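One-letter residues, chain by chain:
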Amino acid sequence: MLRIDPKIPGSYARELLPLGHGYALWQADPDERDKDGRQVTLGDVGYLENGRFHPLFNTRISGHDFRLEALHGTPEGFRHLPESQLSVVRRNEGEDQAPIMCNKGLSNAMDIENESELIEKMDGESYELRFLRPPVVGAILLFVKPLETEQLCKKLDSYNETSQQTKTQTAGQSKKPELKTDKMIASYMSQSRKAWYAFTQSLPYLRHLAEEDLMLISGTAKTWRWASMAYERERGDYMLRQLVLRGSSSLDRESVGFHAAGEYFNDMSMNCGSSVKVELPDGTLGDGPRNQCNFIHYYKFKRSCKWPRVIKAAAGPHQLPRRGPDGDSAAPAVAAIHESSGSGDGAVDSGSREKRPIEKAYDPVTPVLDYIIEHSAAKTAVASTLDLMALFEIYGYSSDIRALLERVKPVIELDEDGVGIIGAFEPHVNTAKSARGDVKNVYACAQDVRSLAIHCPRVAIAV
């Protein structure tokens, strides 16, 4: 397994977030520790580590996975999501676009005139793309189009049970669900919070996780083959005049790479993956199922520290967990984490269940959770990447999400159990307006920004 620069997965996700597809996974292929190659699935609960999502169990009846259950087990008193109240919307995205996504800086630096020219350049076995005066931070995803997207959302009356779960909904054929956290999913997560966290603390190799590290997958975007590249240079480094991306339709490590001044660009980190080839009816080999998950949408929760924990008198100070669910469910003490500063990717050999240090994952949803807790009486805050998509749709993208929320001051809704979610934004206050002139889209060369399974109006940034 290749070693990973710890800052690259977070930088890659941060730079591609404005594109509106969700959180970009640096390691999009199924976990190689799973011999069956299990892919990320709607309803999975797990955590992020080094740019990969690690599932622990699935909350949907239709997504029940005996392999996961045999590997980790399930939380005590586990119950599934009420699927009778949910729909799954499936769509194919990007069929009429170039098979490339990049961050704003590289998009601006791309030496092309229009989208048609980009599609023409990339329509072949091999190609070259030039970036003039590239930025100090860059992120690119190359993929085989289209992306197949799935979104878990509130049931819509216009669907029938069959079309919700079995038919692919193409653009313009289905009513669009809301870009916001769903109240039912938020309530379900809040009620499950204690059991989920106690479950992680009952497994020695998961005791490094905090409550707020757990996430529920509500959306995915998948393809067959992909290559991701990212770099993060110091601002004091010498200025690059030009970067050249040399690629091919195979998207393998030998045929794709960045070059500067005719030499391979060593500051670039690269990753790639592809689905397993399968034998087609005609006897030839072709791509298998689209199991390479490039983007996810997810929900997270966080308990407010304003509400004191109930502590049993029978427990001595040395017995209390450093961090654990409140109420009558006591979690084992959190084991100390090995603090080695080694430069590995933190992976574990197949079959190993040892504790291991992890790089704290970049998480854009945390500022939303903190805002809800600070500005309300919520006992538990629940938020999702869909809140960010709605925020960026109305006010434009900002890397300082917390500051944007403080300016916008969205409505916070509380239910009877003290669960707080973002309720609504006021679209008449547009803090993204700029008098600096033209607006250029951050999707490579003026694409429509789309969320995973639902059309999201253009997310534009003034340049």
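Residues numbered from 1 in each chain as written. Predicted model: local features only at pLDDT ≥ 70, side-chain atom pairs only at ≥ 80, totals over all residues. Heavy atoms only, no water.

Undergrad: Sorry if this is basic, but what is going on with the overall build of the protein here?
TA: For the protein, the count of helices and strands is nine helices and 22 strands. When the 463 residues of the protein are sorted by exposure, 53% land in the buried category. A separation of at least 24 residues holds for 72% of the contacts in the protein among residues at least 6 apart in sequence. With an accessible surface of roughly 21,300 Å², the protein has 49% of that area assigned to carbon and sulfur atoms. (Helix = DSSP H or I, 4+ residues; strand = E, 2+ residues; numbered from the N terminus. Buried < 20%, exposed > 50% of the residue type's maximum accessible area, 1.4 Å probe, protein only. Contact = heavy atoms within 4.5 Å. Areas by Shrake-Rupley, 256 points an atom, 1.4 Å probe, with all protein chains shown as cover.)

Undergrad: Even after reading the chapter, I still don't get the nonpolar core, so can you show me in this structure?
TA: In summary, soluble globular proteins display a tendency toward joint burial of nonpolar side chains. Core analysis: the largest hydrophobic core is formed by 63 residues, its most contacted members being Met-189, Trp-196, Ile-296 and Leu-391. The residues touching Met-189, leaving out its near neighbours within four places in the chain, are Trp-196, Leu-216, Tyr-299, Lys-300, Phe-301 and Val-382. Counting residues in hydrophobic clusters, the runner-up holds 28 residues, among them Ile-100, Phe-131, Leu-243 and Met-268. (Core = buried A, V, L, I, M, F, W, Y, C linked by side-chain atoms within 4.5 Å.)

Undergrad: Mind showing me how you'd approach the sheet that holds strand β10 (residues 225-232) here?
TA: Each strand in a sheet pairs with another by means of backbone hydrogen bonds, the pair being arranged parallel or else antiparallel. Overall, antiparallel pairing links the four strands, which are arranged β5-β7-β10-β14 in an open sheet. On the outer flanks of this sheet lie β5 (100-102) and β14 (269-274), each paired with one strand and no other. Each strand of the sheet is rotated relative to its neighbour by a mean of 10 degrees, with strand direction disregarded. Across three bridges, the pairing between β5 and strand β7 (residues 137-143) is antiparallel. The partner of Cys-102 across the bridge, within β7, is Ile-140. (Pairing = 2+ DSSP bridges. Axes fitted to C-alpha atoms, helices over the stretch in contact; angles between N-to-C directions.)

Undergrad: Is there a simple way to explain the environment of Leu-251 in this structure?
TA: Tracing the backbone shows Leu-251 in the loop between β11 (242-248) and β12 (257-260). Put simply, Leu-251 and Asn-271 are 20 residues apart on the chain and 10.0 Å apart in space, counted from C-alpha to C-alpha. Other than its neighbours up to four places away in sequence, Leu-251 contacts Tyr-127, Leu-142, Phe-143, Val-144, Arg-225, Trp-226, Ala-227, Val-256 and Cys-272.

Undergrad: What is the right way to read the confidence of the model for the protein from this model?
TA: Regions with low pLDDT carry predicted coordinates that are not meant to be interpreted in detail. When pLDDT is averaged along the protein, the result is 76; 69% of the residues meet or exceed 70. Within the protein, strand β22 (residues 460-462) has the poorest average pLDDT of any element, 31, and strand β1 (residues 23-24) the best, 97. Confidence drops under a pLDDT of 50 for residues 311-356, and excluding neighbours within four residues, the segment shows 75 contacts in the predicted structure. Here residues 428-463 is modelled with pLDDT under 50, and outside its nearest four sequence neighbours on either side it reaches 117 contacts, counting other chains as well. (pLDDT = per-residue confidence, 0-100.)

Undergrad: In this structure, what is going on with the pairing of strand β4 (residues 86-93)? I would like to understand it.
TA: In summary, the side chains of a regular strand alternate between the two faces of the sheet. Extensive coverage of β4 is indicated by the burial of seven of its eight residues. Note that β4 and strand β8 (residues 147-154) share eight bridges and pair antiparallel. Residue Leu-86 lies in a different strand from β8, and its bridge partner there is Lys-154.

Undergrad: Explanation requested: helix α1 (residues 7-16) in the structure shown.
TA: For an α-helix, the turn length of 3.6 residues means that residues three or four places apart are oriented alike. The buried count for α1 comes to seven of ten residues, which makes it a mostly enclosed element. All of the buried residues along α1 are Ile-8, Pro-9, Gly-10, Ser-11, Tyr-12, Ala-13 and Leu-16.

Undergrad: So what exactly am I meant to see when it comes to the packing of aromatic side chains here?
TA: The geometry of an aromatic ring pair is captured by two quantities: the separation of the ring centres and the angle between the planes. The final tally for this structure, using the stated rule, is ten aromatic pairs. Taking 5.9 Å as the distance between ring centres and 70 degrees as the angle between the ring planes, the aromatic pair formed by Tyr-23 and Tyr-298 counts as edge-to-face. With a gap of 275 residues between them, Tyr-23 in strand β1 and Tyr-298 in strand β17 (residues 292-303) connect regions that are remote in the sequence. Assessed through its relative accessible area of 4%, Tyr-23 is described here as buried. Judged by its relative accessible area of 0%, Tyr-298 falls in the buried class. Through a chain of ring-to-ring contacts, the aromatic side chains of Phe-57, Phe-78, Tyr-188, Trp-196, Phe-199 and Phe-301 assemble into a single cluster. (Phe/Tyr/Trp six-rings, centres within 6.5 Å; stacked < 30°, edge-to-face > 60°.)

Undergrad: Explain the packing of helix α7 (residues 366-374) against helix α9 (residues 401-408) to me, please; I cannot follow it from the model alone.
TA: Geometry of a packed helix pair, given as the angle between the helix axes and the separation of the axes. Two elements in contact, α7 and α9, have axes separated by 9 Å at closest approach and are oriented at 40 degrees. Viewed along their axes, α7 and α9 adopt a mutual orientation that is oblique. Regarding α7 and α9, the two cross each other, and that crossing is right-handed. Two secondary-structure elements touch here, α7 through Pro-367, Val-368, Asp-370, Tyr-371 and Glu-374 and α9 through Ile-401, Arg-402, Leu-405 and Glu-406. Within the contact of α7 with α9, the residues separate by chemical class into five nonpolar, no polar and four charged. (Parallel < 35°, antiparallel > 145°, perpendicular 65-115°, else oblique. Left-handed = near helix turned anticlockwise from the far one by under 90°. Nonpolar A, V, L, I, M, F, W, Y, C, P; charged D, E, K, R; others polar.)

Undergrad: When you look at the packing of helix α8 (residues 385-395) against α9 in this model, what are you seeing that I'm missing?
TA: Between α8 and α9, the least distance of the axes is 12 Å, while the angle of their chain directions is 65 degrees. Along this stretch, α8 crosses α9, giving a crossing that reads as left-handed. Residue-level inspection shows Leu-388, Leu-391, Phe-392 and Tyr-395 of α8 in contact with α9, the latter providing Ile-401, Leu-404, Leu-405 and Val-408. Here the contact of α8 with α9 is composed, by residue class, of eight nonpolar, no polar and no charged.

Undergrad: Looking at this structure, how should I read helix α6 (residues 183-201)?
TA: Here α6 contains 19 residues, and its C-alpha end-to-end distance of 27 Å stays within 8% of the 27 Å for a straight helix at 1.5 Å per residue. Where α6 bends most, at Ser-192, the angle is about 50 degrees. Counting buried positions along α6 yields 15 of 19 residues, so the element is predominantly enclosed. Measuring from the side-chain oxygen of the N-cap residue of α6 to the backbone nitrogen of Met-184 gives 3.1 Å; that N-cap residue is Asp-182. (Expected span 1.5 Å × (residues − 1). Bend = angle between axes of the 7 residues up to and from the residue. Polar contact = N/O pair within 3.5 Å; in protein donor to acceptor, adjacent residues only side chain to side chain.)

Undergrad: Help me out: how do you make sense of the side chain of Asn-291 in this one?
TA: Mapped onto the fold, Asn-291 is located in the loop between β16 (285-287) and β17. A polar side-chain atom of Asn-291 sits 2.7 Å from a polar atom in the side chain of Gln-292.

Undergrad: Help me understand the pairing of β10, please; the structure alone is not making it clear to me.
TA: Across the eight residues that make up β10, a large majority, seven, are buried. Summarising the sheet, β10 and β14 pair through six bridges and their orientation is antiparallel. Bridge pairing links Ser-228 to Asn-271 in β14.

Undergrad: Would you mind showing me how to read the environment of Asp-363 here?
TA: Within the secondary structure, Asp-363 is located in the loop between β17 and α7. Sequence spacing of Asp-363 and Leu-48 is 315 residues, and the spatial spacing of their C-alpha atoms is 9.1 Å. When neighbours within four sequence positions are excluded, Asp-363 is seen to be in contact with Tyr-298 and Lys-300. A distance of 3.2 Å separates a polar side-chain atom of Asp-363 from the backbone nitrogen of Val-365.

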